[in-house]
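Structural characterization, general
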Amino acid sequence: MKKVLLASAALIALTGAASAADLAARPYTKAPVAMASVYNWTGFYLGLMGGGAWEDANSPRMQGGFVGGTAGYNWQTGNVVFGVEADGAWADVSASAAATVPGFGVVTANSKTDALGTVRGRIGYAVNNVLFYGTGGYAWIDNKISLSALGVSISDSKFHSGWTVGAGVEAFIAPQWSIKGEYLYRSLGGENYFGGNLPSGTLNLHTVQFGVNYHFNGPVVAKY
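Residues numbered from 1 in each chain as written. Predicted model: local features only at pLDDT ≥ 70, side-chain atom pairs only at ≥ 80, totals over all residues. Heavy atoms only, no water.

Taking strand neighbours around the barrel as the criterion, the 8 strands line up as β2-β3-β4-β5-β6-β7-β8-β11 in a closed arrangement whose pairing is antiparallel. Strand-to-strand twist in this sheet, taken as the mean axis angle between neighbours without regard to direction, amounts to 25°. (Pairing = 2+ DSSP bridges. Helix = DSSP H or I, 4+ residues; strand = E, 2+ residues; numbered from the N terminus. Axes fitted to C-alpha atoms, helices over the stretch in contact; angles between N-to-C directions.)

Here's what the structure looks like:
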């Protein structure tokens, strides 16, 4: 009986050791791979923008600021981004001059642009969350010329149409928010004020504007 008990104890000890060895030999599991953020520029966006404008002319030249809104849509294929964008702004871009005219005394002339905007195409190259782009298309302004003499003032407003071209850079600073800065050259066709008695000639403007956009499609996607 003593031999049986000793043999049983030895068997139990061996079985326990084997079980312990099995428990210790757990398979190795890799840690999960960290996800990287990749920005997809495709989608609709709205934003606010503002900046400054000055006329491409000698003094007196129109200059001032503007503030308004932006709407657009992007399509991305690889690193290339295509887009369309429209903006409109309230403006205070003006210039004035005075001269002495026989029979009228001092005559003061003032030209003021109180609204401006564009409808443009964009094409750019995206480096993850940063987009470098060129842009061009249609431009417009609403301009008013006022004349004052002998205590009397008259004014006439005209809508000028033309073209614009420029470049800019835009960058995501949060999953759905981006900031941008761009330069535009705008060339607006001339109009005849006061029944054709005062032709304006072509009006050329330089503008620098900055903006912030909200992107509705949530452009951040995970990449392993």
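In this section: the nonpolar core. Within the largest apolar cluster, 14 residues are counted, with the highest numbers of intra-cluster contacts made by Phe-66, Leu-116, Ile-141, Leu-188 and Leu-203. Element by element, the count of residues in this core is highest for strand β4 (residues 80–101), at 4 residues. With sequence-adjacent residues up to four places away left out, Ile-141 is seen in contact with Thr-113, Ala-115, Leu-116, Lys-158, Phe-159, His-160, Leu-188, Leu-203 and Leu-205. By size, the runner-up hydrophobic cluster in this structure holds 7 residues, among which are Tyr-39, Trp-41, Ala-126 and Tyr-133. (Core = buried A, V, L, I, M, F, W, Y, C linked by side-chain atoms within 4.5 Å. Buried < 20%, exposed > 50% of the residue type's maximum accessible area, 1.4 Å probe, protein only. Contact = heavy atoms within 4.5 Å.)

Let us now look at the pairing of strand β6 (residues 130–149). As paired elements, strand β5 (residues 105–127) and β6 share 19 bridges and run antiparallel to each other. Its bridge partner lying in β6, Leu-116 is registered against Ile-141. Hairpin connection, β5 to β6: the antiparallel pair is bridged by 2 residues, and Asn-128 has positive phi, about 55°. For β6 and strand β7 (residues 152–174), the ladder comprises 20 bridges, and the chain directions are antiparallel. Bridging from a neighbouring strand, Leu-147 pairs with Ile-154 of β7. Between the end of β6 and the start of β7, which pair antiparallel, lie 2 residues, with Leu-150 showing a positive phi angle near 55°.

Further remarks concern unusual backbone geometry. For Asn-128, which is not glycine, the phi torsion reads 55° and is therefore positive. When you line up the elements, Asn-128 lands in the loop between β5 and β6. One non-glycine residue, Phe-194, lies in the positive phi region at around 55°. Examined against the element boundaries, Phe-194 turns out to sit in the loop between β9 (192–193) and β10 (198–199).

All we've got here are geometric facts, nothing functional implied.
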